[in-house]
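# Summary of structural features
Here is how the chains run, residue by residue.
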Amino acid sequence: MIAETVRAIGVPIDFVITAQQARAYKPDHRLFQHAYDTMGVTKEETLHVGMGQVTDMKVCQELGIRSVWIDRVGEPLDPRWQPHAVLNDLTELPQLLSAP
């Protein structure tokens, strides 16, 4: 299933890390630590992009990870889990990443 998704994205992806490999599922903090260990980076060097409030934004808030919330359906975001940016889809993400 993940191979199909990666192929559909249409851009090179350096790492594909699954919950099965980490033996932890979001929102488990161990999944995020496994990803950092696998990629050899720190949370300060990353930006998490996700669409789940509890599985993505809440965890990022708890772990101090910069985040972008993809709000595809216009749902209200829990104010406790404020991301660094909110986008409607991924089309604006390259511009956001290249901003100074």
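This write-up is about the structure you can find in this document.

## Things to note about the environment of Leu96
- Among the secondary structure elements, Leu96 is positioned in helix α5 (residues 93-98).
- Among the residues examined, Leu96 registers a relative accessible area of 34% and is labelled partly exposed.
- Once residues lying within four places of it in the same chain are set aside, the contact partners of Leu96 are Val68, Ala85 and Leu87.

## A closer look at the nonpolar core
- Ala22, Ala24, Leu31, Phe32, Tyr36, Val59, Cys60 and Ile65 together form the largest nonpolar core, which totals 8 residues.
- Contributions of two or more residues to this core are made by α3 (29-39) and α4 (53-63).
- A per-element tally of this core places α3 first, with 3 residues.
- Among the nonpolar cores identified, the runner-up in size contains 5 residues, and Val68, Ile70, Ala85 and Leu93 belong to it.

## Observations regarding the sheet that holds strand β3 (residues 85-87)
- Spatially, 3 strands are ordered β1-β2-β3 in an open sheet, and the strand pairing comes out parallel. Each edge of the sheet is formed by a strand with only one pairing partner; in this case those strands are β1 (48-50) and β3. Each adjacent strand pair in this sheet contributes to an overall mean axis angle of 20°, direction not counted.
- One ladder, built from 3 bridges, connects β1 with strand β2 (residues 67-70); its direction is parallel. Bridge pairing links Gly50 to Trp69 in β2.

Each value, and the rule that gives it
Residues numbered from 1 in each chain as written. Predicted model: local features only at pLDDT ≥ 70, side-chain atom pairs only at ≥ 80, totals over all residues. Heavy atoms only, no water. Helix = DSSP H or I, 4+ residues; strand = E, 2+ residues; numbered from the N terminus. Buried < 20%, exposed > 50% of the residue type's maximum accessible area, 1.4 Å probe, protein only. Contact = heavy atoms within 4.5 Å. Core = buried A, V, L, I, M, F, W, Y, C linked by side-chain atoms within 4.5 Å. Pairing = 2+ DSSP bridges. Axes fitted to C-alpha atoms, helices over the stretch in contact; angles between N-to-C directions.

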